[in-house]
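What follows is each chain in one-letter form.
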Amino acid sequence: MLLGKIMERIEQNKEKTAIITDDKSFTYAELLEYYEYYTDFLTNIPQGSVVAVRGEFDVETIGLMLTLMEKRCIYVPISKAVVDVNYYQKTSRTEFFIDMDEKNLVTLQEKSQHPLYEKLRQIKHPGIVFFSSGTTGKPKAAVHDLMPYIHRFEEPGKTLRSMAFLLFDHAGGFNTVMHSISNAGLMVTLTKRTPDEVCRAIEKNKLELLPTSPTFLHMLLLGRYYEKYDLSSLKIISYGTEPMPASTLVRMHQLFPNVKMKQTYGLTELGAIRTKSKASDSLWMKMGGDAHHQTKVVDGILYIKSDMAMLGYLNAEAPFDEEGWYNTGDHVEVDGDYFLIQGRACERINVGGEKVYPAEVESVLLSIEGVADAAVVGTPNLILGQVVEAHICSDGKLDKEALTKRIKEVCRKKLEKYKRPMKIVFTDSTFESEHFKKKRS
């Protein structure tokens, strides 16, 4: 049995609550029932089939996911947040499609041919296709061999009461779910990931782990949700997917001194990299260095080699060099074994030859009283090439003129001249995307 050790732990914990979705509880026995149901439901699906599933994390969908892994299928998760489902189906060459709202199996095409799929079929391994966020063009489809993941989840880990915050088709979301069920933990899933719903679920279910994004944590601070709900059960808040503003991290550490703030690092192409934060209030972290991942820095850019890396893209050239190193595009500072992520090369602003990373400027702006949210971009300039432009959402306590004056005063004290916003644009909306990441476009 492919999932032998994982299924053995599930069998041993049948009576325990496995998943709570929108206040409804399901045991590991019920998870097993869905696994067995879909084993029968998919009897006629051949091994190695490409099966796309549109849904969200719940006990039924997770049971189906385990079935597809055991049947050595190639699994394509599609979140309900995805608008262009057809693009995902065509790009992944989906053969069978299941919409969890409809509960029906649709055959889309005969056996799809692609060298990456053929490789998985030849070695009889299950696969998974993760799509990139698509912030710089059409999303890329990354094909992963799931066997290294399965072996990793077979290793015993902490049993925690956790939140499945990241989306259904996110590599980090998959990692959170598999870690929880592999260790007989309790996991809460939500159909709505608003700060109110998330904090209410933490309070009600005494959750210990919240994996989330810096943008969501800023929303939590902005709305003062920590005053509305009892979040004292939290032991770990892990954050990733984008750079964390230093001001946000400092504020979180002040409000939650007994909570371990753990920075994570992962990419669609590489999966989740094991990390260790220097301290709860520090943005410096160790990464890699285990049996799965190696790191190096070339000209300030982080490179990673991983035995859990994707096999390649379905719709683009493989980005690895001849030795298997992947250029992350992240500029880093190095201090011994620790790294500080400064930002992506594609987001860097070039001001007269000087490099500015939006996250650093945003961190200063977010620390200013009167600023509810901020996003920084580069704007063309005839003399300098680019200058910094700050988009500001005010909390309404000051008029624009007074807030502009305050912003300029603080930036003069805390930022070098070339990093200071030359243009300030006010807006009524904040800057979070549907994936709870900073939206700068």
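Refer to the structure above for everything that follows.
Right, let's walk through the structure included here. All figures in this text were calculated on a predicted structure; none of them were measured in a lab.

**Considerations on the side chain of T404**
Mapped onto the fold, T404 is located in helix α13 (residues 400-414). Given the relative accessible area of 18%, T404 is considered buried. Sequence-distant contacts of T404, defined by excluding residues within four places in its chain, comprise I424 and F426.

**Focus: unusual backbone geometry**
Here the phi dihedral of K124 falls at roughly 60°; this positive angle occurs in a residue that is not glycine. Secondary-structure assignment places K124 in the loop between α5 (115-123) and β7 (127-131). With a phi angle near 55°, R224 is a residue other than glycine that sits in the positive phi range. By secondary structure assignment, the location of R224 is in the loop between α9 (214-222) and α10 (225-228). You can call R224 partly exposed: its relative accessible area is 41%.

**Focus on helix α1 (residues 4-12)**
For α1, the complete set of buried residues consists of I6, M7, R9 and I10. Projected onto a plane normal to the axis of α1, the buried residues spread over an arc of 155° and lie on a single side. Set apart from the buried face of α1 by more than 90 degrees, the exposed residues are K5 and Q12. Packing partners of the buried residues in α1 comprise α2 (28-41), α3 (59-70), α6 (147-154) and α7 (171-182).

**Let's talk about empty space enclosed by the protein**
Using the criterion set out here, one finds 3 cavities of 30 Å³ or more in the structure. Considering only enclosed or pocket space, the largest cavity measures out at about 100 Å³ in volume. P214, T215, E242, P245 and K438 are, among the 14 residues lining the largest cavity, the residues nearest its centre. Listed by contribution, the elements that provide at least two residues to the lining of the largest cavity are α9 and α12 (358-366).

**A word on a nonpolar patch on the surface**
Taken together, L382, I383 and L384 make up a surface patch of nonpolar side chains, about 410 Å² in accessible area. Its location among the elements puts I383 in the loop between β25 (371-381) and β26 (385-394). On the basis of relative accessible area, I383 is assigned to the exposed category, the value being 78%.

**Re the nonpolar core**
Counting 47 residues, the largest nonpolar core has I62, L66, F174 and M178 as the members making the most contacts within it. Element by element, the count of residues in this core is highest for α3, at 7 residues. With residues near it in sequence (within four places) discarded, F174 still touches F57, M65, M69, I128, F130, L146, Y149 and F153. Residues Y225, I237, Y239 and V259 belong to the second largest nonpolar core, which totals 36 residues.

**Some points on the pairing of strand β1 (residues 17-21)**
Judged by how many residues are buried, β1 sits mostly within the fold: 4 of 5 residues are covered. Here 4 bridges tie β1 to strand β2 (residues 24-27), and the two strands are oriented antiparallel to one another. When the bridges of β2 are listed, I20 appears paired with S25. By the bridge criterion, 3 bridges tie β1 to strand β10 (residues 186-189) in an arrangement that is parallel. Paired with T21 across the strands is T189, a residue of β10.

**A short note on the pattern of salt bridges**
Taken as a whole and assessed by the stated rule, the structure comprises 19 salt bridges. Between K80 and D101 there is a salt bridge whose closest N-O contact spans 2.9 Å. In this pair, K80 sits in the loop between β4 (74-79) and α4 (85-91) while D101 sits in the loop between β5 (96-99) and β6 (104-107), placing the two residues 21 residues apart along the sequence. On the basis of relative accessible area, K80 is assigned to the partly exposed category, the value being 36%. Relative accessible area serves as the criterion here: at 49%, D101 is assigned to the partly exposed category. With its nearest N and O atoms 3.0 Å apart, the salt bridge here joins E208 to K235.

About the criteria used
Residues numbered from 1 in each chain as written. Predicted model: local features only at pLDDT ≥ 70, side-chain atom pairs only at ≥ 80, totals over all residues. Heavy atoms only, no water. Helix = DSSP H or I, 4+ residues; strand = E, 2+ residues; numbered from the N terminus. Buried < 20%, exposed > 50% of the residue type's maximum accessible area, 1.4 Å probe, protein only. Contact = heavy atoms within 4.5 Å. Arc of directions from axis to C-beta. 1 Å grid on protein atoms, 1.4 Å probe; cavity = no way out; pocket = protein on both sides within 12 Å on 5 of 7 lines; lining within 4 Å. Points joined across faces, edges and corners; volume = space filled by probe spheres on them. Patch = residues over 30% accessible without salt bridge, like charges linked within 9 Å, V, L, I, M, F, W, Y side chains within 5 Å. Areas by Shrake-Rupley, 256 points an atom, 1.4 Å probe, with all protein chains shown as cover. Salt bridge = Lys/Arg side-chain N within 4 Å of Asp/Glu carboxyl O. Core = buried A, V, L, I, M, F, W, Y, C linked by side-chain atoms within 4.5 Å. Pairing = 2+ DSSP bridges.

Function cannot be inferred from these measures alone, as they are strictly geometric.
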